Structure formats: C-alpha cells, structure tokens
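Spelled out from the first residue to the last, the chains are:
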Amino acid sequence: MNKGLKIGLIILGVIILVVLVIIFKQYYDNTYVGSYYYVQVPSNQDTTIEEWNDASKGTVMVKGKQYQFTAYNENGEARVVEFSIRNVENEASLLQPNTYLKVNASKNRVIGWQIVQRQDVPEAALKYVEENHQ
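Residues numbered from 1 in each chain as written. Predicted model: local features only at pLDDT ≥ 70, side-chain atom pairs only at ≥ 80, totals over all residues. Heavy atoms only, no water.

Colleague: Before we go on, may I ask you to explain the overall build of the protein chain in this structure?
Modeller: Helix and strand counts for the protein chain come out as 2 helices and 6 strands. Since a compact globule built from 134 residues should have a radius of gyration of about 14 Å, the 22 Å found for the protein chain marks it as more spread out than a globular shape. If one aligns the C-alpha atoms of the protein chain with their principal axes, the spans along those axes are about 75 × 50 × 20 Å. In the protein chain, 59% of the contacts between residues at least 6 apart in sequence involve partners at least 24 apart. (Helix = DSSP H or I, 4+ residues; strand = E, 2+ residues; numbered from the N terminus. Rg over C-alpha atoms; globule rule 2.2 N^0.38 Å. Contact = heavy atoms within 4.5 Å.)

What follows is the structure, given as structure tokens:
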C-alpha cells in the first residue's frame, strides 16, 4: 500500500470518527439535556386511575395516569410536556388539581418532573403559567 493511500485512509477514518461524535452529541443533547418548564395542573384535572391492559392477554398490566400539559419557561416559551405516573394504587398518588410542577424537558422527551410550591416558580415563568391556567 503506498503512502498516499495510507494517509487518505487515515484522513477518511478521522472524518468518519468526527461525524459519528457529532451525531452522538446531537442525539445526547436532544434526549438528555433539558430545560426547565413550569405548569399548574388544571383545576378540572381528572384524578381517576387509568388501567393499561396487555392487548394480547386482556389483563391489567399497569395502573396510573398519562398527562399532557402546556408548560412555560422563564421566557414565556410554551412547550407541550407528556409523562405518566405508573404503578399507583390510590388516587392520592396522582397529580392533584392546581399543583405546580417543575418539568425538566429535553427536545425529545420529559427527563423528569417534581411538585413545587408556587413561590418556587420563577416570577417570569409564573406570569405565563397563571395567565394560561385553566
């Protein structure tokens, strides 16, 4: 193998490696690096436990609740956040109406969420949350 071909293959290998690193970083950032959004659970939020069945067996697999809210960051940017609470046995374990949430959401998914007090919601975000509360 001549010297020029070896150098060309090394350069090609480096280019491929750089492209793979860029693709992986983009995937990681879009999936695991989030921003905080805030929402107040609607006052008419249903607190009935849902049962998710195994379609093939027809048996209850999981009890919980699926949620979908519009949440706001400190800049007033709206974002639909979706997540579920699973394996609950009583309705008190579900989100209660008017509860404030802090949601960590990446571009692709909700990474996590937690219940917070009203005073823990940044003023800039609280304005948007309360203006759009149902």
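Colleague: Please clarify how the packing of aromatic side chains should be interpreted in this entry.
Modeller: To describe a pair of aromatic rings, one takes the distance between the centres and the angle between the planes. This model, assessed by the stated rule, comprises 8 aromatic pairs. When the centroid spacing of 6.4 Å and the interplanar angle of 35° are considered together, the rings of Phe24 and Tyr28 count as tilted. You can see Phe24 and its partner Tyr28 sitting in helix H1 (residues 3–32), 4 residues apart, about one turn around the helix. Residue classification places Phe24 among the exposed positions, given a relative accessible area of 54%. Chaining the aromatic ring pairs together yields one cluster made of Phe24, Tyr27, Tyr28 and Tyr32. Above the face of the Tyr37 ring, Arg79 is positioned so that its terminal group lies 5.9 Å from the ring centre. Sitting over the face of the ring of Tyr36, Lys102 holds its NZ or CZ atom 4.2 Å from the ring centroid. (Phe/Tyr/Trp six-rings, centres within 6.5 Å; stacked < 30°, edge-to-face > 60°. Buried < 20%, exposed > 50% of the residue type's maximum accessible area, 1.4 Å probe, protein only. Lys NZ or Arg CZ within 6 Å of the ring centre and 35° of its normal.)

Without other data, these values stay purely geometric and don't point to any function.
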